[in-house]
Amino acid sequence: MAASPKIPLLGLTFQELSAVVQQQKEPEYRARQLFEAIYSHRLPSLELISTLPRRFRSALQEQGMEVSPAQIQKSFPSVDGTIRYLVEMFDGESVETVWMPEGDGGEAADGSEAGDEIAEAGFDRATICVSSQMGCAVNCQFCLTAQLGVKRNLTAGEIVGQVIAVLNDRRVDMERQRINIVFMGMGEPFLNYWEFMKAVRLLVEGVGFSESRMTVSTSGIVPRIHDFGSEPVRPKLAISLNAPNDQLRERIMPLNRKWNLDKLMQAARDFPLRNRERITFEYVLLRDFNDRKEHAREVVEMLRGIRCKVNLIALNPGPGIAFATPEEQQVHDFQQDLIRAGIPAFVRRPRGRDIYAACGQLKRTVA
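No experiment lies behind these values; they were computed from the predicted model shown.

What about the pairing of strand E11 (residues 236–240)?
- Most of E11 is tucked away, with four of its five residues classed as buried.
- Bridge count between strand E10 (residues 214–218) and E11: four bridges; the pairing is parallel. Directly across from Ser217, in E11, lies its bridge partner Ala238.
- Traced from E10 through helix H7 (residues 222–229) to E11, the parallel crossover comes out right-handed.
- Relative to strand E12 (residues 279–285), E11 runs parallel, the two being bridged by three bridges. Bridge pairing in E12 places Ile239 opposite Phe281.

Here's the deal with H7
- Residues of H7 that are buried: Val222, Ile225, Phe228 and Gly229. With its buried residues spanning 110° around the axis, H7 presents them on a single face.
- Elements that come into contact with the buried residues of H7 comprise helix H6 (193–207), E10, E11 and helix H9 (261–270).

Focus on the sheet that holds strand E4 (residues 83–89)
- Overall, mixed pairing links the 10 strands, which are arranged E3-E4-E5-E6-E9-E10-E11-E12-E13-E14 in an open sheet. Only two strands of the sheet have a single neighbouring strand rather than two, namely strand E3 (70–77) and strand E14 (345–347). Taking the axes of each pair of neighbouring strands and ignoring which way they run, one obtains an average angle of 25° across the sheet.
- The pairing of strand E13 (residues 308–314) with E14 spans three bridges and is classified as parallel. Looking at E14, one finds that Val310 is bridged to Ala345.

Some words on the pattern of salt bridges
- On inspection of all chains with the given rule, the structure shows 18 salt bridges.
- The closest approach of N and O atoms between Arg224 and Asp227, which form a salt bridge, is 2.6 Å. Placement of the pair is Arg224 and Asp227 together in helix H7, with a separation of three residues, close to one helical turn.
- Note on Arg224: relative accessible area 24%, which makes it partly exposed.
- The exposure class of Asp227 is partly exposed, given its relative accessible area of 24%.
- Among the ionic pairs, Arg340 bridges to Asp337, the shortest N-O distance being 2.6 Å. With Arg340 and Asp337 both in helix H11 (residues 328–340) and three residues apart, this pair spans about one turn of that helix.

Side note on the pairing of E12
- When you tally the buried positions in E12, you get seven out of seven residues, the bulk of the element.
- Residue alternation in E12 divides its side chains into two sets, Ile279, Phe281, Tyr283 and Leu285 and Thr280, Glu282 and Val284, and both sets are buried.
- Relative to E13, E12 runs parallel, the two being bridged by seven bridges. Its bridge partner being in E13, Thr280 is matched across the sheet by Lys309.
- For the crossover that starts at E12, traverses helix H10 (residues 293–303) and ends in the parallel E13, the hand is right-handed.

Remarks on the side chain of Thr127
- Turning to its location among the elements, Thr127 is positioned in strand E6 (residues 125–129).
- For Thr127, the side chain forms a polar contact with the side chain of Asn180, separated by 3.5 Å.

Regarding the packing of aromatic side chains
- Under the definition given, this model contains 10 aromatic pairs.
- Ring plane angle 50° and centroid distance 6.1 Å describe the contact between Phe190 and Phe196, whose orientation is recorded as tilted. Phe196 carries the same exposure label as Phe190, and that label is buried.
- Both rings, one in Phe228 and one in Phe271, keep their centres 6.1 Å apart while their planes meet at 25°; by these two values the pair is stacked. Taken together, the positions of Phe228 in helix H7 and Phe271 in the loop between H9 and E12 put the pair 43 residues apart, joining distant regions of the chain.

Describing the confidence of the model for the chain
- In the predicted model, the chain carries a mean pLDDT of 89, and the fraction of residues at 70 or more is 89%.
- Contacts of residues 110–123 to residues separated by more than four positions or lying in other chains number 27 contacts, the stretch itself having pLDDT below 50.

Some details on H10
- When H10 is considered as a whole, its buried residues turn out to be His295, Ala296, Val299, Val300, Met302 and Leu303. Within H10, the buried residues cover an arc of 165° as seen down the axis, which keeps them to one side.
- Summarising the contacts, the buried residues of H10 are in contact with helix H8 (246–252), H9, E12, E13 and H11.
- Gly305, located one to two residues past H10, shows a positive phi value of around 90°.

Cut-offs and rules
- Residues numbered from 1 in each chain as written.
- Predicted model: local features only at pLDDT ≥ 70, side-chain atom pairs only at ≥ 80, totals over all residues.
- Heavy atoms only, no water.
- Buried < 20%, exposed > 50% of the residue type's maximum accessible area, 1.4 Å probe, protein only.
- Helix = DSSP H or I, 4+ residues; strand = E, 2+ residues; numbered from the N terminus.
- Pairing = 2+ DSSP bridges.
- Right-handed = clockwise from strand over helix to strand, strands pointing away.
- Arc of directions from axis to C-beta.
- Contact = heavy atoms within 4.5 Å.
- Axes fitted to C-alpha atoms, helices over the stretch in contact; angles between N-to-C directions.
- Salt bridge = Lys/Arg side-chain N within 4 Å of Asp/Glu carboxyl O.
- Polar contact = N/O pair within 3.5 Å; in protein donor to acceptor, adjacent residues only side chain to side chain.
- Phe/Tyr/Trp six-rings, centres within 6.5 Å; stacked < 30°, edge-to-face > 60°.
- pLDDT = per-residue confidence, 0-100.

Okay, here's the thing in structure tokens:
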């Protein structure tokens, strides 16, 4: 007879854990103990939660409950310190999560500048790139993940589980080390909006991340951008732009046929930015396609009046991608054209190319 499916506790809110405690007729404070053990202390199993009575833990286990729906299956280290993880879920399927350590100062993996206070304190910093779906349905023509299609959405517990699995593997001290999260892995977060947002709240309220240390990237799901702007707790917003006009964007991002650049730019203009916040526009440069001087001028005109910055990404190559990486000088010239027009522009350096961990390369490669 097949074993009963596990019921993960990771992914449950404090209120949901309170209902579990109430069902077991345990005191209310057990919910707080359980919540802190799972999220703050990142304990991977019920056996390790010594603050709970053994009888309570046994009762939960008898009902098929376990802590985590995510376990590291395999890791692939890069020569630059990046680590690509295959993270396995309860159903045996896996997604990819990437750890990108950074030195003091300089540019972070999300294109932001390292704070001086961190450099002075000498703390380590790193970025965790998290997946929100198994595969992706958006079908961007320069991205290896698109070749997988989409298998299913991840639950909030599976999204948070990736972060906790990596934090534990790297033995991160949240009080001493500055960790960013970018929801830029496999999948389109805004096509799994409610589970993604539940995961964000758990990472803030439970694990201890600041929302200012998180960034989510969308290909341009306009209705969800409007929803996102009204969230009381939310990461920073990045929009994957990648072309200066509808004609080119439709060729590489079929999604543009549904929500074109006029609709996308209006959503960006309407987005309620917080004090000192900017929208990040990500622009993958493809040789002789969207990297010319006239394209830079079009981008400048399109973004005029929006409080933003641009992250430029030279294409990370991969099998089956019909585009080439531009020359370094072309990337530099494009950046300078934006800067001269008053738009902050950064070149995001590739991380983990040798292990297929760079932007647009996540495809569950197992070697």
